[in-house]
There are 2 protein chains.
Amino acid sequence: MDITIMIGYFAGTLTTISFLPQVIKTWKLRSTHDFSFAMLTLFGLGMLLWAVYGISINSMPIILANIITFGLILVLVMMKVKYK
Amino acid sequence: MDITIMIGYFAGTLTTISFLPQVIKTWKLRSTHDFSFAMLTLFGLGMLLWAVYGISINSMPIILANIITFGLILVLVMMKVKYK
């Protein structure tokens with residue numbers, strides 16, 4: 001595997017992993033009052049656009065990292081709807 | 001400007017903007033006890049690696065978005081050191 005792609009996957013792993021504790025904390029606390037819907041929506045939309053950008057420039061690390069993080073955001077949004 | 005690059009800049013603007021309210025809130029509250037150093041470090045390192053990846057594949061949107069977000073993370077880390 002190309003060193004550039006390895007750096008991309010490593011970067012994506014770090015930024016995705018650093019998001020997980022928040023999802024786990026929210027899941028345990030069943031509380032989401034500290035998040036704003038606006039912020040989650042902006043961030044989620046940004047992730048989707050990064051994935052589109054990744055598809056455009058044909059970069060698998062960008063596509064995977066942003067789709068997985070988008071999935072985590074979606075989980076937070078669903079918890080916000082359920083446990084508001 | 002190429003549509004792909006525009007999508008990249010738009011994505012970067014959204015993900016960077018969605019990070020700003022956190023920095024402003026932390027600045028106002030002078031409180032950072034809700035963040036873990038480990039998480040900030042992982043995220044900051046991930047941003048730096050994304051910037052390196054952006055340089056490797058010659059993508060200005062990725063370089064700019066990640067360097068700016070890394071700067072915001074650095075501000076949070078400095079506030080965490082100062083207002084712990």
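Just so you know, these numbers come straight off a predicted model, no measurement behind them. (Residues numbered from 1 in each chain as written. Chains lettered and ligands numbered in written order. Predicted model: local features only at pLDDT ≥ 70, side-chain atom pairs only at ≥ 80, totals over all residues. Heavy atoms only, no water.)

Caption draft 1: Highlighting the environment of Ser-59 of chain B. With respect to the helices, strands and loops of the structure, Ser-59 of chain B is situated in the loop between α3 (37–56) and α4 (60–82). The spatial distance from the C-alpha of Ser-59 of chain B to the C-alpha of Ile-5 of chain B is 8.3 Å, given a sequence separation of 54 residues. Each residue touching Ser-59 of chain B, except ones within four places of it in the same chain, is listed here: Tyr-53 of chain A together with Gly-54 of chain B. (Helix = DSSP H or I, 4+ residues; strand = E, 2+ residues; numbered from the N terminus. Contact = heavy atoms within 4.5 Å.)

Caption draft 2: How the structure looks around the relation of the copies chain A and chain B. For the pair chain A and chain B, the relating rotation is 180 degrees, the translation along its axis is 0.0 Å, and the fit reaches an RMSD of 0.0 Å. Taken together, the rotation angle and the small translation identify this as a two-fold axis. Both copies contact each other with a shared surface, as 100% of the interface residues of chain A are interface residues in chain B too. (Least-squares fit on C-alpha atoms with pLDDT ≥ 70 in both.)

Caption draft 3: Geometry of the interface of chain A and chain B. Chain A puts 30 residues into the contact, and the matching count from chain B is 30 residues. Counting the contacts that link chain A with chain B gives four residue pairs in polar contact (both at pLDDT 80 or more). Looking at which element gives the most residues to the side of chain A that touches chain B, the answer is helix α3 (residues 37–56) of chain A, with 11 residues. Of the residues that constitute the side of chain A that touches chain B, the class distribution is 20 nonpolar, eight polar and two charged. (Polar contact = N/O pair within 3.5 Å; in protein donor to acceptor, adjacent residues only side chain to side chain. Nonpolar A, V, L, I, M, F, W, Y, C, P; charged D, E, K, R; others polar.)

Caption draft 4: How the structure looks around the confidence of the model for chain A. Residue and element names in this part refer to chain A. When pLDDT is averaged across chain A, the result is 88; 95% of the residues are at 70 or more. Across chain A, element-level confidence peaks in helix α1 (residues 3–17) with a mean pLDDT of 94 and bottoms out in helix α2 (residues 20–29) with 82. Interface predicted TM-score (ipTM) for the complex: 0.84; the corresponding pTM is 0.86. (pLDDT = per-residue confidence, 0-100.)

Caption draft 5: Spotlight on unusual backbone geometry. Residues and elements named next belong to chain A. Positive phi is not limited to glycine here, since Asn-58 has a value of about 60 degrees. With respect to the helices and strands, the residue Asn-58 is situated in the loop between α3 and α4 (60–82). In this structure Asn-58 comes out as exposed when scored by relative accessible area, which is 69%. (Buried < 20%, exposed > 50% of the residue type's maximum accessible area, 1.4 Å probe, protein only.)

Caption draft 6: Inspection of the packing of aromatic side chains at higher detail. Residues and elements named next belong to chain A. All chains considered together, the criterion is met by four aromatic pairs over all chains. A centroid spacing of 5.7 Å and a plane angle of 15 degrees characterise the contact between Phe-19 and Phe-43, whose relative ring orientation is stacked. Placement of the pair is Phe-19 in the loop between α1 and α2 and Phe-43 in helix α3, with a sequence separation of 24 residues. On the basis of relative accessibility, which here comes to 11%, the residue Phe-43 falls in the buried class. Sitting over the ring of Trp-27, Arg-30 keeps its end group 4.7 Å from the ring centre. (Phe/Tyr/Trp six-rings, centres within 6.5 Å; stacked < 30°, edge-to-face > 60°. Lys NZ or Arg CZ within 6 Å of the ring centre and 35° of its normal.)

Caption draft 7: Highlighting the packing of helix α1 (residues 3–17) of chain B against α4 of chain B. Residue and element names in this part refer to chain B. Here α1 crosses α4 at 10 degrees, and the two axes come no closer than 8 Å. Accordingly, the angle class assigned to the pair α1 and α4 is roughly parallel. Residue-level inspection shows Ile-5, Gly-8, Tyr-9, Gly-12 and Thr-16 of α1 in contact with α4, the latter providing Met-60, Pro-61, Leu-64, Ala-65, Ile-68, Thr-69 and Leu-72. Its residues assigned to classes, the contact of α1 with α4 shows eight nonpolar, four polar and no charged. (Axes fitted to C-alpha atoms, helices over the stretch in contact; angles between N-to-C directions. Parallel < 35°, antiparallel > 145°, perpendicular 65-115°, else oblique.)

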